[in-house]
Amino acid sequence: MSMPADRSVRVFLADDSLAIRQRVAGLLAERAMSVVGEAATPQDSIQGILAARPDVVVLDVQLEGGTGLQVLRAVRRAQPAIAFVVFSNSATAPYRKRYLGEGARRFLDKTSEFDQLALAVADASAPVH
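Not measured: the values here are computed from a predicted model.

Visitor: What should I look at first to understand the packing of aromatic side chains in this one?
Guide: Taken as a whole, this structure holds 2 aromatic pairs when the rule is applied. Residues Phe87 and Phe114 carry aromatic rings whose centres are separated by 5.1 Å and whose planes lie at 70 degrees to one another, so their mutual orientation is edge-to-face. Here Phe114 lies in the loop between β7 (106-109) and α5 (117-125) and Phe87 lies in strand β6 (residues 83-88), a separation of 27 residues in the sequence. The burial state of Phe87 is the same as that of Phe114; both residues are buried. Arranged with centres 5.9 Å apart and planes meeting at 75 degrees, the rings of Tyr99 and Phe107 form a pair that is edge-to-face. Neither residue differs from the other here; Tyr99 and Phe107 are each classed as buried. Taking NZ or CZ as reference, Arg23 lies 3.6 Å from the ring centre of Phe114, over its face.

See the structure below:
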C-alpha cells in the first residue's frame, strides 16, 4: 500500500535564531508539515536530528558555536536519506557551492527567498530516484 502524497512532512529546524525558528515553524504548520525538533548549536542539532529522524532539516549556515556544515556532514554520514534545505543570510556563491556539494538539496536566502521555503521543504522530502 503506498503512502498518501499529502502525508505530513517531518522537519527539524537547525538555526541559532529562536525568532527564525518560530517563523519557519509557523510557515510549515500552514502547509501541514510538522516540526519534530529544533536546536541552535551544531551538537544539539546533530543529536536531535539523529534522534528524531526527520524527512527534512532546515539548516542555517551560522549556528551557535559552529556551522551548519558540521551538522550536514555528520548527519549525511549517519543518515544519508535525511534531506537538507539550507536557509541562510550567508547566501554567497562559495557557501551555496560548498553546501550543495556536501549534499544539501536546496540553498535559499533568508532575505529574498523566505516565501520559497515551504515548497523547497516539500520538494526535498520527496524520495530521490
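Having put the structure on the table, let's press on.
Visitor: Help me understand the environment of Ala91 in this model?
Guide: Assignment of secondary structure puts Ala91 in the loop between β6 and α4 (93-101). Note on Ala91: relative accessible area 16%, which makes it buried. Between the alpha carbons of Ala91 and Lys110 there is a distance of 8.2 Å; along the sequence they are 19 residues apart. Those residues in contact with Ala91, other than ones at most four positions away along the chain, are Arg96, Phe107 and Asp109.

Visitor: What is the right way to read the packing of helix α1 (residues 18-30) against α5 from this model?
Guide: The axes of two packed helices give the description: the angle between them and the distance between them. Axis separation between α1 and α5 bottoms out at 9 Å; the angle between their running directions is 65 degrees. On the basis of their axis angle, the class for α1 and α5 is roughly perpendicular. In this structure, α1 meets α5 at a crossing whose hand is right-handed. For the pair α1 and α5, contact is made by Val24, Leu27 and Leu28 and by Leu117, Ala118 and Val121, respectively. Of the residues belonging to the contact of α1 with α5, the class tally is 6 nonpolar, no polar and no charged.

Conventions used here
Residues numbered from 1 in each chain as written. Predicted model: local features only at pLDDT ≥ 70, side-chain atom pairs only at ≥ 80, totals over all residues. Heavy atoms only, no water. Phe/Tyr/Trp six-rings, centres within 6.5 Å; stacked < 30°, edge-to-face > 60°. Helix = DSSP H or I, 4+ residues; strand = E, 2+ residues; numbered from the N terminus. Buried < 20%, exposed > 50% of the residue type's maximum accessible area, 1.4 Å probe, protein only. Lys NZ or Arg CZ within 6 Å of the ring centre and 35° of its normal. Contact = heavy atoms within 4.5 Å. Axes fitted to C-alpha atoms, helices over the stretch in contact; angles between N-to-C directions. Parallel < 35°, antiparallel > 145°, perpendicular 65-115°, else oblique. Left-handed = near helix turned anticlockwise from the far one by under 90°. Nonpolar A, V, L, I, M, F, W, Y, C, P; charged D, E, K, R; others polar.

Scope: geometric values only; no functional claims are made or implied.
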